[in-house]
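Now for the letters of each chain:
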Amino acid sequence: PFQGYYTRRGGIGDSGDFITSPEISQVFGELIGIWYISEWMAMGKPKTFQLVELGPGRGTLAEDILRVFNQLTSVLSKCDVSVHLVEVSPKLSEIQARMLTGGKVQPNPEDESAYMKGISKTGIPIFWYRDIQDVPSGYSFYLAHEFFDALPIHKFQRTEKGWREVLVDIDPEVPDQLRFVLSPSSTPATENFIQPEETRDHVEVCPEAGVIVQRLACRIEKDGGAALVADYGHDGTKTDTFRGFRNHKLHDVLSAPGTADLTADVDFSYLRKMTQERTTTLGPIKQREFLKNMGIDLRLQVLLQNSRDTATREQLLHSYDMLMNPEKMGDCFNFFALLPHHRLVRADKKDEPESKSPLPPVAGFNELLLK
Ligand code: SAH
């Protein structure tokens with residue numbers, strides 16, 4: 001709680017330890033904003049919704065989404081929107097408050113479970129919490145971008161004697177040096193966190209991600225809404241992905257703990273399992289496919305046409321390449337969604353006329369068809 005990376009450092013951006021898509025291009029957040037509006041329309045334009053973001057970093061993604069909401073006020077008119085940010089880092093929540101409200105926030109509001117509240121520059125109320133459980137229930141759109149990869153994992157190794165947990169130990173030979181060791185026997189974690197049908201020899205499990213996804217699925221099942229999860233990850237195939245980043249370079253995870261960003265690929269097959277079929281899941285699909293389906297090419301063309309100077313045009317093309325190039329972020333980042341079952345399959349009513357119009361496709365996960 002006091003010496004951890006996000007409470008002490010949390011360096012996102014050029015001057016920090018790692019860079020994320022919303023920090024690279026405004027288009028990323030704009031397309032995500034459009035995804036929420038599209039789902040809101042497909043679900044019959046409910047009169048109110050909460051936008052709940054887990055781990056909002058510098059607040060850039062929320063800022064870009066709120067700009068889209070503001071530009072589409074005529075579409076969202078009469079809809080009561082509020083923003084709820086789940087953030088543990090005091091430093092980052094301050095940066096978010098400055099970015100989204102211009103610094104006009106009220107710490108420790110008495111009447112709320114939130115630890116801070118304010119009003120966005122576009123007039124939308126914003127609340128901050130430390131845990132998803134503190135966010136009031138209600139129709140909500142959830143967002144987790146590069147959030148799940150930041151949560152702690154357990155590592156396991158298959159041995160001749162069965163599964164063993166990889167633990168961190170103090171190296172007896174070298175002062176101030178940590179090392180990895182295997183547990184001499186099974187542990188509560190090996191007993192509880194490995195799926196019986198597991199075929200890999202080395203597995204990383206993030207139980208905290210499982211608990212949070214379970215909560216999201218329960219909330220969506222009960223109150224409606226949707227969740228969009230974007231992260232680098234795999235669908236239950238990768239093994240040893242735990243690594244550290246400091247100043248944009250790979251960093252030994254065991255050296256100088258608390259000073260580097262520690263991360264592990266998100267196992268989407270595990271997240272899917274943890275929804276316990278309370279919701280439908282879509283994806284994971286590659287970031288470049290999702291953004292293409294969301295119309296990134298058209299958006300780029302418009303921005304290029306509207307920009308006069310070469311530097312801006314070059315910047316637009318460069319950031320597009322960063323997000324879309326399979327060698328850069330295009331292939332390793334994935335999009336994954338949780339949706340209520342009725343969003344994709346109509347409730348089976350025998351007496352319903354067959355001619356009913358089909359449910360609209362979910363944007364981003366289906367090819368964009370231009371009429
Ligand atoms: N979504 C942002 C930031 C990603 S970094 C972006 O894409 O730029 C991860 C974020 O999750 C940071 O804001 C960090 O402070 C937050 N975070 C890490 N662990 C958390 C936890 N257990 N609960 C809530 N937030 C957490």
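Residues numbered from 1 in each chain as written. Predicted model: local features only at pLDDT ≥ 70, side-chain atom pairs only at ≥ 80, totals over all residues. Heavy atoms only, no water.

Description of the pattern of salt bridges
- Per the counting criterion, the structure on display carries 22 salt bridges.
- We note a salt bridge from Arg299 to Glu30, for which the minimum N-O separation is 2.7 Å. Of the two residues, Arg299 is situated in helix α11 (residues 296-306) and Glu30 in helix α3 (residues 26-42); the sequence distance between them amounts to 269 residues.
- Of the residues examined, Glu30 reaches a relative accessible area of 5% and is grouped as buried.
- Between Arg200 and Asp267 there is a salt bridge whose closest N-O contact spans 3.4 Å. Pair noted here: Arg200 is in the loop between α7 (188-193) and β10 (202-205) and Asp267 is in strand β15 (residues 266-267), with a separation of 67 residues, a long-range link. Assigned by exposure class, Arg200 and Asp267 land together as buried.
- If you follow the salt bridges from partner to partner, you end up with Glu30, Asp64, Arg67 and Arg299 in one network. (Salt bridge = Lys/Arg side-chain N within 4 Å of Asp/Glu carboxyl O. Helix = DSSP H or I, 4+ residues; strand = E, 2+ residues; numbered from the N terminus. Buried < 20%, exposed > 50% of the residue type's maximum accessible area, 1.4 Å probe, protein only.)

Considerations on the sheet that holds strand β12 (residues 243-246)
- Strands sit in the order β13-β12-β14 across an open sheet of 3 strands; the sheet is antiparallel. Pairing within the sheet leaves two strands with one partner each, and these edge strands are β13 (249-251) and β14 (261-263). Here the average twist between neighbouring strands, direction ignored, is 40°.
- Pairing analysis gives 3 bridges linking β12 to β14, with the strands arranged antiparallel. The residue bridging Phe245 from the neighbouring strand is Asp261, located in β14. (Pairing = 2+ DSSP bridges. Axes fitted to C-alpha atoms, helices over the stretch in contact; angles between N-to-C directions.)

Here's the deal with the nonpolar core
- Counting 56 residues, the largest nonpolar core has Trp35, Tyr36, Phe69, Leu228 and Phe365 as its most contacted members.
- At 8 residues, the largest contribution of residues to this core is made by α3.
- Leu228 has contacts with Ile32, Trp35, Tyr36, Tyr142, Leu143, Ala144, Phe290, Phe335, Phe336, Ala337 and Phe365, leaving out every residue within four places of it along the chain.
- Of all hydrophobic cores here, the second largest spans 35 residues; its members include Ile132, Tyr142, Ala189 and Ala217. (Core = buried A, V, L, I, M, F, W, Y, C linked by side-chain atoms within 4.5 Å. Contact = heavy atoms within 4.5 Å.)

Some details on the pairing of strand β2 (residues 80-86)
- Taking burial as the measure, the 7 residues of β2 include 6 buried ones, the bulk of the element.
- Pairing geometry for strand β1 (residues 48-54) and β2, over 7 bridges, is parallel. Looking across to β2, one finds that Leu54 is bridged to Val86.
- Bridging between β2 and strand β5 (residues 125-129) involves 4 bridges; their strand directions are parallel. Each bridged residue has a counterpart across the sheet, and for Val86 the counterpart in β5 is Tyr129.

Focus: the domain arrangement of the protein
- When its domains are assigned, the protein resolves into domain 1 (5-152 + 206-343) and domain 2 (154-203).
- Distance between the C-alpha centres of domain 1 and domain 2: 32 Å.
- The interface of domain 1 with domain 2 comprises 15 residues on the first partner and 11 residues on the second.
- Considering only the surface of domain 1 that becomes buried against domain 2, Pro207, Thr239 and Leu254 emerge as the three largest contributors, covering 46% of it.
- Our count for the domain 1 to domain 2 interface comes out at 3 salt bridges.
- Of the charged contacts, one joins Lys155 and Asp240 as a salt bridge, the two residues approaching to 2.7 Å between their closest N and O atoms.
- Counting across the domain 1 and domain 2 interface gives 4 residue pairs in polar contact (both at pLDDT 80 or more).
- Partitioning the side of domain 1 that touches domain 2 into residue classes produces 7 nonpolar, 4 polar and 4 charged. (Domains from an automatic or database assignment. Buried area = accessible area lost by both parts, 1.4 Å probe. Polar contact = N/O pair within 3.5 Å; in protein donor to acceptor, adjacent residues only side chain to side chain. Nonpolar A, V, L, I, M, F, W, Y, C, P; charged D, E, K, R; others polar.)

Describing the environment of Ser186
- Mapped onto the elements of the fold, Ser186 is located in the loop between β9 (178-182) and α7.
- The class for Ser186 is partly exposed, based on a relative accessible area of 37%.
- Taking the C-alpha atoms as reference points, Ser186 and Trp163, separated by 23 residues in sequence, lie 6.5 Å from one another.
- For Ser186, the side chain forms a polar contact with the side chain of Glu191, separated by 3.1 Å.

A few points about the site of the ligand
- Residues in contact with the ligand amount to 19 residues; listed here are only the nearest, Thr20, Gly55, Gly57, Glu87 and His145.
- Side-chain polar atom of Glu87 to an oxygen atom of the ligand: 2.5 Å apart, as the coordinates give it.
- Summarising the interface, the protein chains cover 94% of the accessible area of the ligand, which totals 570 Å² for the free molecule.
- When grouped by side-chain class, the residues that make up the shell around the ligand number 10 nonpolar, 5 polar and 4 charged. (Near = heavy atom within 4 Å. Areas by Shrake-Rupley, 256 points an atom, 1.4 Å probe, with all protein chains shown as cover.)

Describing the packing of α11 against helix α12 (residues 310-324)
- Orientation of α11 relative to α12, taken along the N-to-C sense of each, is 165°, at an axis distance of 10 Å. Taken together, the axes of α11 and α12 are roughly antiparallel relative to one another. Where α11 crosses over α12, the two elements pack in a sense that is right-handed. Within the contact between the two elements, α11 uses Ile296, Asp297, Leu300, Leu303 and Leu304 and α12 uses Arg313, Leu316, Leu317, Tyr320, Leu323 and Met324.
- Looking at the contact of α11 with α12, its residues break down into 9 nonpolar, no polar and 2 charged. (Parallel < 35°, antiparallel > 145°, perpendicular 65-115°, else oblique. Left-handed = near helix turned anticlockwise from the far one by under 90°.)

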